[in-house]
Every structure is written in C-alpha cells, then in structure tokens.
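If you want the building blocks of each chain, they are given just below.
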Amino acid sequence: MSGDSDCTRTSPSAGSPSDNEFLPDWPKYVCSLSPDLVTKAREELQEKPEWRLRDVQALRDMVCKDYPSLGTCLDDAFLLRFLRARKFDYDRALQLLVNYHTCRRTWPEVFSNLKPSAIKPVLESGFVTVLPHRDPQGRHVVCIRPDRWTPSNYPITENIRAIYLTLEKLIQSEETQVNGIVILADYKGVSLSKASHFGPFVAKKVIGILQDGFPIRIKAVNIINEPRIFKGIFAIIKPFLKEKIANRFFLHGCDLNSLHQNIPPVILPEEYGGTAGKLDISAWNELLLASEEDFLHDFSELVLPCDSSPHDLLVSGDADEKQCDDSLRGMKPQLYYCY
C-alpha cells in the first residue's frame, strides 16, 4: 500500500464529484456491536453511530494532510480503533496513530519479522495467554507469567513481541475496543536475575507503547504473587506511568481473595483459586498461530517508509537510551536492596 497515492486520491481537495470513481474501494464498515455496547460506546467513548463514518473520514483527511507518507492502513475499521481509544478526539487519535507507527519503526528488535510463528517458543512456554472467558464487564483477561521465561533461551524482547501480537489479535474485536482488557500478571518465582533484564530503557519503551502507542484500553493490571523484588521493578516502571494508569495497578500478593474482588473466580483457572478448570494455553496459541496470514497482510501495510519523518516522535533516540542507562545504574542498588 502506498501512503502517498491513497492519501492523494482520498483528499477532499481532489475536486469534482467525477473524481469519486478514482477513490479506493475501502472495505465497507459494518458495525458488530450489540445494542448495549453501542450505548456504552456512546456514553463512555463519545461515539455517535450517526456520526461514526464522518469522524473516521475526518481522521483520514488529517492523516493525508499532515502525514501523507505515513504508509498507514486507512480502512474505516482500522482508523476506528484509534478514535475509540481516544474517545473520538481527532487530534489525540491522530497522535496515537503516529505513535503507533513510530514505535514500530524505532524498535526493530521487537517489530522486525513480527508474526505468530516467529514467537512460537514464547507461546509454548505459557509466558502470555488469554483466559477463555471474559469478565462481567466483557473484558478479556491477558495472563502474563514471567516465571515461564528462561533468559538463556531467548531475549526479553521476544516476550514483548508475544504480548504485542496478543494485543493486536484482541483489538481486532470491536467488543474489546469498547470494553478494554484486564491484565493478570503472576510474578511467582521472579528472581533478581530476571528482574535485571527489565531495566528503565525497556520499561520506558513498553510503557510508551501501552500508554501512547497502541489503541487499546487497559482497565486494570492485577499483580499477584509478587516477591519483594517487585518493589524494585515497580520503582522502575512507576515514573513512566500516567496517574490514571498507575491507579489501575492492584497488588494482591498471595491473597487470592483480594484478587477475586477484581476478577471473579468463575472465569479464573484453578491455579488462581478459580472454578474454570486448569489453565489451558493451547486454545489461545492455536487461535493466534492460525492468524498468521492476517498478520502478514496487516503488517506489510503498516511499515513506515524509510524516508518518512513524522514529528512529535514518542521516542527520542540516543539521548533517552543514555538517560535510561544512567537510571538503571542508579536503580540496581534498589533492586538488590528489595531482593
């Protein structure tokens, strides 16, 4: 897909009605939201069905005017993800879209050759999976288990790739776009050696993606079985968290009753005091791996051209790396102290 040509053809400045015959044949958007979710989207996201396509076109026009070389997909359904994630604020949705591409361009270790088959070892380890049942608010629960990772097998960036692809798959659902997701992170068995891999530079990159570079609503982050070392990990993460997100972190320790106040036992596996049977990672793995062709198609369209230089970049390069390296040197004593 050529960002320049698509934008030229869809720009409102293209002129006369006769030009319509040259417009791209965008896939026609068909809303899959239930009546209840349409109401929820109206109340929480400022989404008005009668103005939805007008809003999408407004965002498309802004992309074509301000970032004609962005190389982004311009389908209604794709742009709608960004509008919903920013409550239909055009400017914020545009910045999120630019950040989305900037993140992909500035971290090649994560985004090169990004497809499910490439992260199969991570999936098979059980590091990340999605519980089969949604919570009462209609949100998927993403389960992350760092103890399943053996650093000598592959670098931490492979785990980040697996999480990113999981989120990409989830956000394809309009229901998830409206309801958001919940994260359940089990830090049982996380040692100092593993924690040392998650330094400030990696933390800033990951938090930057989740907060400002990906169109998903994270409604809660539940941490369980966190050892004392987690105080050091959270000390690394917290400076990069917005207050709204920081307030959505819940540290439960080993108290499953506390966890059950946020996530009901009926959807939790037995490992977390639930009644939904043993934790089974196979169903999610099969679903994600079966989506290989979809990801190859999507990501072939979403690569930034080499000559593109979007402004307001989310990551500022070498200066940030040096600053984060300095922060890591200062943070290591905290990690040892907490451990």
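The rules behind each value
Residues numbered from 1 in each chain as written. Predicted model: local features only at pLDDT ≥ 70, side-chain atom pairs only at ≥ 80, totals over all residues. Heavy atoms only, no water. Helix = DSSP H or I, 4+ residues; strand = E, 2+ residues; numbered from the N terminus. Buried < 20%, exposed > 50% of the residue type's maximum accessible area, 1.4 Å probe, protein only. Contact = heavy atoms within 4.5 Å. Areas by Shrake-Rupley, 256 points an atom, 1.4 Å probe, with all protein chains shown as cover. Phe/Tyr/Trp six-rings, centres within 6.5 Å; stacked < 30°, edge-to-face > 60°. pLDDT = per-residue confidence, 0-100. Axes fitted to C-alpha atoms, helices over the stretch in contact; angles between N-to-C directions. Parallel < 35°, antiparallel > 145°, perpendicular 65-115°, else oblique. Nonpolar A, V, L, I, M, F, W, Y, C, P; charged D, E, K, R; others polar. Lys, Arg positive; Asp, Glu negative; His and termini not counted. Salt bridge = Lys/Arg side-chain N within 4 Å of Asp/Glu carboxyl O. Polar contact = N/O pair within 3.5 Å; in protein donor to acceptor, adjacent residues only side chain to side chain. Pairing = 2+ DSSP bridges.

Caption draft 1: Here's a closer look at the overall build of the protein chain. Along the protein chain, the regular secondary structure elements total 17 helices and 5 strands. A burial count over the protein chain gives 52% of its 339 residues as buried. Across the protein chain, the fraction of contacts at a sequence separation of at least 24, relative to all contacts at a separation of at least 6, is 78%. Carbon and sulfur atoms form 53% of the exposed surface of the protein chain, whose accessible area is close to 16,100 Å².

Caption draft 2: Layout of the packing of aromatic side chains. Using the criterion set out here, one finds 7 aromatic pairs in the structure. Residues Phe-82 and Tyr-100 carry aromatic rings whose centres are separated by 5.4 Å and whose planes lie at 80° to one another, so their mutual orientation is edge-to-face. Taken together, the positions of Phe-82 in helix H4 (residues 76–85) and Tyr-100 in helix H5 (residues 90–106) put the pair 18 residues apart, joining distant regions of the chain. Tyr-100 matches Phe-82 in its accessibility class, with the two residues each being buried. Within the aromatic cluster, the residues linked to one another by ring pairs are Phe-78, Phe-82, Tyr-100, Phe-111, Tyr-164 and Phe-214.

Caption draft 3: Inspection of the confidence of the model for the protein chain at higher detail. In the predicted model, the protein chain carries a mean pLDDT of 84, and the fraction of residues at 70 or more is 80%. Considering only residues more than four positions removed or in separate chains, one finds that residues 8–23, a stretch of pLDDT under 50, has 14 contacts. A low-confidence stretch, residues 303–339 (pLDDT under 50), is modelled with 58 contacts involving residues beyond four sequence positions or located in other chains.

Caption draft 4: A look at the packing of helix H8 (residues 156–170) against helix H15 (residues 282–289). Packing of H8 against H15 brings their axes to within 11 Å, and their N-to-C directions diverge by 80°. As the angle between them shows, H8 and H15 are arranged roughly perpendicular. On H15, the residues touching Leu-165, Thr-166, Lys-169 and Leu-170 of H8 are Trp-284, Leu-287 and Leu-288. Residue classes in the contact of H8 with H15 are distributed as 5 nonpolar, 1 polar and 1 charged.

Caption draft 5: Here's a closer look at the side chain of Lys-169. Residue position: Lys-169 is located in helix H8. Among buried charged residues, Lys-169 stands out as having no salt bridge; its nearest opposite-charge side chain is Asp-294, 4.6 Å away. A distance of 2.9 Å separates polar atoms of two side chains, one belonging to Lys-169 and the other to Ser-291. Leaving out residues up to four positions away in the same chain, Lys-169 has contacts with Trp-284, Leu-287, Leu-288, Ser-291 and Phe-295.

Caption draft 6: Spatial organisation of the sheet that holds strand E1 (residues 128–130). Taken in spatial order, the 5 strands of this open sheet run E1-E2-E3-E4-E5, and their pairing is mixed. Strands at the two margins of the open sheet, each flanked by one partner only, are E1 and strand E5 (249–253). Averaged over all pairs of adjacent strands, the angle between their axes in this sheet comes to 20°, without regard to strand direction. When strand E2 (residues 140–144) meets strand E3 (residues 181–186), the two strands line up parallel, connected through 5 bridges. Residue pairing across strands places Val-142 opposite Ile-183, the latter belonging to E3.

Caption draft 7: Unusual backbone geometry, seen in detail. Positive phi, close to 60°, is recorded for Gln-46, a residue that is not glycine. With respect to the helices and strands, Gln-46 occurs in the loop between helix H2 (35–45) and helix H3 (52–66). Of note, Asn-225 is a non-glycine position whose phi angle comes to about 55°, a positive value. Following the sequence through the fold, Asn-225 ends up in the loop between strand E4 (218–224) and helix H12 (229–237).

Caption draft 8: Just the pairing of E4, in detail. Counting buried residues along E4, 6 of its 7 residues qualify, which places the element largely inside the surrounding structure. As paired elements, E3 and E4 share 6 bridges and run parallel to each other. Paired with Asp-186 across the strands is Ile-224, a residue of E4.

Caption draft 9: Up close: H12. Burial of H12 is extensive: 7 of the 9 residues sit out of reach of the surface. For H12, every residue scored as buried is listed here: Ile-229, Phe-230, Gly-232, Ile-233, Phe-234, Ile-236 and Ile-237.

Caption draft 10: Looking closely at the pattern of salt bridges. Within the structure shown, the criterion is met by 12 salt bridges. The partner of Arg-217 in a salt bridge is Glu-44, and the shortest N-O contact between them spans 3.8 Å. You can see Arg-217 sitting in the loop between helix H11 (200–212) and E4 and its partner Glu-44 sitting in helix H2, a full 173 residues away along the chain. By relative accessible area, which is 11% here, Arg-217 ends up buried.

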